[in-house]
Amino acid sequence: MQKEPINGDSYYDYICVVDFEATCEEGNPPEFIHEIIEFPIVLLNTRTLEIEDTFQQYVKPEINPKLSNFCISLTGITQDIVDKADTFPQVLQNVIEWMKQRELGTKYSYSMLTDGSWDMSKFLNIQCRISRIKYPSFAKKWINIRKSYGNFYKVPRNQTKLTIMLEKLGMNYDGRPHSGLDDSKNIARIAIRMLQDGCELRVNERMHAGQLMTVSSSAPLEGAPAPQMPRYRN
């Protein structure tokens, strides 16, 4: 069966790369609740293969408002930064406004992309429960680039960490590791190379009834819906 050409009209116009940073403690005890503290987006134009725009906002955590020293040194996000930040529902509203201004899901088709499944299935899922909002529909399906990379370049899952993926493609990490925005930019660089190498990055994971599911590669290629602010939970 002939695949649609990557530059055909059917492919996503844009890919939104997201890599959250969340509160954490050394050793991450199992009962620790992770809250999102950085929400970055890197907007990748699939026609020009260039990063066209970026979004970044920090988020004030509510359950554990005081960051651990481990979290500060890992992410570079200071206590002062999160103290001055908005809470998650306001930041999500700002994200949605930013996406609407770029006509994503209306004039242009797009897909979300993450490095692994945790950003959506764990961090965003937990954060929406903490913030008592429903899970946003625009983030219900995404491209897990680790899966795409492993399948395309035929490498085992243990070779799909961000730094290893970059290294195998002959690239160095650019910026500060565990800065959400810098991580997102580096993930976008991998996505660009994969598109150049002829990989059709496509949605391969989704959330359904709060659970992580796999999306078949034979499923029709559909863009994400126009972003809307989710309703509050009762």
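Just above sits the structure.
Residues numbered from 1 in each chain as written. Predicted model: local features only at pLDDT ≥ 70, side-chain atom pairs only at ≥ 80, totals over all residues. Heavy atoms only, no water.

### Some points on the environment of D86
What counts is decided by this rule: In DSSP terms, a helix is any run of H or I states spanning at least four residues, a strand is any run of E spanning at least two, and both are numbered starting from the N terminus. The rule is simple: take the accessible area with a 1.4 Å probe, protein chains only, and divide by the maximum for that residue type; under 20% is buried, over 50% is exposed, in between is partly exposed. Should any heavy atoms of two residues lie within 4.5 Å, those residues are counted as being in contact.
Note that D86 resides in the loop between α2 (79-83) and α3 (88-101). By relative accessible area, D86 is classed as partly exposed at 38%. D86 sits 48 residues away from K134 along the chain, and the two C-alpha atoms are 19 Å apart. If near-sequence neighbours (up to four positions away) are discounted, D86 is found in contact with Y58, V59, K60, V91 and N94.

### Here we look at the pattern of salt bridges
This is how it is decided: Any carboxyl oxygen of Asp or Glu that lies within 4 Å of a side-chain nitrogen of Lys or Arg is treated as forming a salt bridge with it.
Applying the stated criterion to the full structure yields seven salt bridges. Among the salt bridges present, the one from R146 reaches D115, with a minimum N-O distance of 2.7 Å. Here D115 lies in the loop between β5 (110-114) and α4 (118-130) and R146 lies in helix α5 (residues 145-153), a separation of 31 residues in the sequence. Residue E205 pairs with K147 through a salt bridge whose shortest N-O separation is 3.1 Å. Taken together, the positions of E205 in strand β7 (residues 205-208) and K147 in helix α5 put the pair 58 residues apart, joining distant regions of the chain.

### Digging into the environment of N204
Relative to the assigned elements, N204 resides in the loop between α7 (180-196) and β7. Judged by its relative accessible area of 11%, N204 falls in the buried class. Sequence-wise, N204 and Y232 are 28 residues apart; in three dimensions their C-alpha atoms are separated by 28 Å. What N204 contacts, discounting residues up to four positions off in sequence, is W142, I143, N144, K147, S148, M213, T214 and V215.

Scope: geometric values only; no functional claims are made or implied.
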